[in-house]
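So the chains spell out like this:
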Amino acid sequence: MDEKTEELRDIFIDVTDEETVTESQEETPGSLTDETEGVEDRLRSVVSRMRERYEFGTDLGDGDLVTLVELFYDGESDATIARELDVSRKVAFRARLDLHLVRDRDTDAPFDLAALRERLTDDPSTAELADEFDVSESTVRRYRRVVRAQNESRGANDRYRDEFDRLLADGDLSGGLTEDVQEDGLADATEGMETDVDF
């Protein structure tokens, strides 16, 4: 211990009437499993609140829906989600939309989706819409679900999707940003350097 550190230590002991300058740690640090369990509990809470507010189109339980959300944020396809949950792709798709998890490609309709959204305000029949847009009834039903999910999500100011994002996407985002910063830092450090390597 150097002279200045010793002086500071003596001052601290005089002021606080304590014999030690370090404090014992009261709580044990959390583990990765505690953190994971916490995230799953919060996901289950979001799913439960959505179930209370909206009518879900499948009979999957909250545990399966939490798994679906996690798989979705892992970038898994509906086919993989269906396999993991032991359900059909149709059920996986419906459950995903129940949770407002709309993929960009879900909106790639063979007709103008905005026109369908506008027509749905009159609550026309599926057959009527199929004739009007010159597509099958199953196609109309699919995009009707997509539009409903988008409308519900917007009606809630995307609250539930934002909560899922905070719980599951932020970690990936920060990891990605760190990698980008490291790569950019390396690029800056090596910019203008000449390498002469003979093989």
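As shown above, the structure is provided for reference.
Residues numbered from 1 in each chain as written. Predicted model: local features only at pLDDT ≥ 70, side-chain atom pairs only at ≥ 80, totals over all residues. Heavy atoms only, no water.

Participant: Which residues make up unusual backbone geometry, and what values do they have?
Facilitator: The residue His-100 is not glycine, and still its phi comes out positive at about 65°. On the secondary structure map, His-100 appears in the loop between α5 (89-98) and α6 (113-119). Residue class for His-100 comes out buried when judged on its relative accessible area of 3%. If you check the backbone angles, Asp-123 has positive phi at about 55° while not being a glycine. Structurally, the position occupied by Asp-123 is in the loop between α6 and α7 (126-133). (Helix = DSSP H or I, 4+ residues; strand = E, 2+ residues; numbered from the N terminus. Buried < 20%, exposed > 50% of the residue type's maximum accessible area, 1.4 Å probe, protein only.)

Participant: Provide a residue-level description of the packing of helix α3 (residues 62-73) against helix α4 (residues 78-85), including the pertinent values.
Facilitator: Between α3 and α4, the shortest axis-to-axis distance is 10 Å and the interhelical angle comes to 145°. The interaxial crossing formed by α3 with α4 has right-handed handedness. Of α4, the residues touching α3 (which contributes Asp-64, Thr-67, Leu-68, Leu-71 and Phe-72) are Ile-81, Glu-84 and Leu-85. (Axes fitted to C-alpha atoms, helices over the stretch in contact; angles between N-to-C directions. Left-handed = near helix turned anticlockwise from the far one by under 90°. Contact = heavy atoms within 4.5 Å.)

Participant: A description of the nonpolar core should follow, citing residues and the corresponding values.
Facilitator: Judged by nonpolar contacts, the single largest core of 27 residues is most densely connected at Leu-43, Met-50, Val-69, Leu-99, Leu-101 and Phe-164. Tallying contributions element by element places α3 first for this core, with 7 residues. Filtering out sequence-adjacent residues up to four positions away, Leu-99 remains in contact with Val-47, Met-50, Phe-56, Leu-65, Leu-68, Val-69 and Phe-164. (Core = buried A, V, L, I, M, F, W, Y, C linked by side-chain atoms within 4.5 Å.)

Participant: Now, about the pattern of salt bridges: what can you tell me, with residues and values included?
Facilitator: Close approach of charged atoms allows side chains of opposite charge to pair. Here the structure, examined in full by the defined rule, presents 14 salt bridges. Ionic pairing is found between Arg-51 and Asp-62, a salt bridge with its closest N-O pair at 2.7 Å. Of this pair, Arg-51 sits in helix α2 (residues 32-53) while Asp-62 sits in helix α3, and the two are 11 residues apart along the sequence. Relative accessible area serves as the criterion here: at 31%, Arg-51 is assigned to the partly exposed category. We note a salt bridge from Asp-106 to Arg-142, for which the minimum N-O separation is 3.9 Å. Separated by 36 residues along the polypeptide, Asp-106 in the loop between α5 and α6 and Arg-142 in helix α8 (residues 137-155) bring together distant segments of the chain. Asp-106 sits in the buried class, given a relative accessible area of 3%. Several salt bridges converge on common partners, so that one network encompasses Asp-78, Arg-96, Arg-103, Asp-106 and Arg-142. (Salt bridge = Lys/Arg side-chain N within 4 Å of Asp/Glu carboxyl O.)

Participant: Describe in detail the environment of Val-140, supporting the description with residues and values.
Facilitator: With respect to the helices and strands, the residue Val-140 is situated in helix α8. For Val-140, a relative accessible area of 1% gives the class buried. Put simply, Val-140 and Ala-130 are 10 residues apart on the chain and 6.1 Å apart in space, counted from C-alpha to C-alpha. Ignoring sequence-local partners within four residues, the contact set of Val-140 consists of Thr-126, Leu-129, Ala-130 and Val-135.

Participant: Describe in detail the packing of aromatic side chains, supporting the description with residues and values.
Facilitator: A complete count under the given rule lists 4 aromatic pairs for this structure. Centre to centre, the rings of Phe-111 and Phe-133 are 4.8 Å apart; their planes meet at 35°, and the pair counts as tilted. Highlighted residues: Phe-111 in the loop between α5 and α6 and Phe-133 in helix α7, separated in sequence by 22 residues. Residue Phe-111 is classed as buried on the basis of its relative accessible area of 13%. Classification of Phe-133 as buried rests on a relative accessible area of 14%. Seen from their ring centres, Phe-111 and Tyr-143 are 5.7 Å apart, and the 80° between their planes marks the pair as edge-to-face. (Phe/Tyr/Trp six-rings, centres within 6.5 Å; stacked < 30°, edge-to-face > 60°.)

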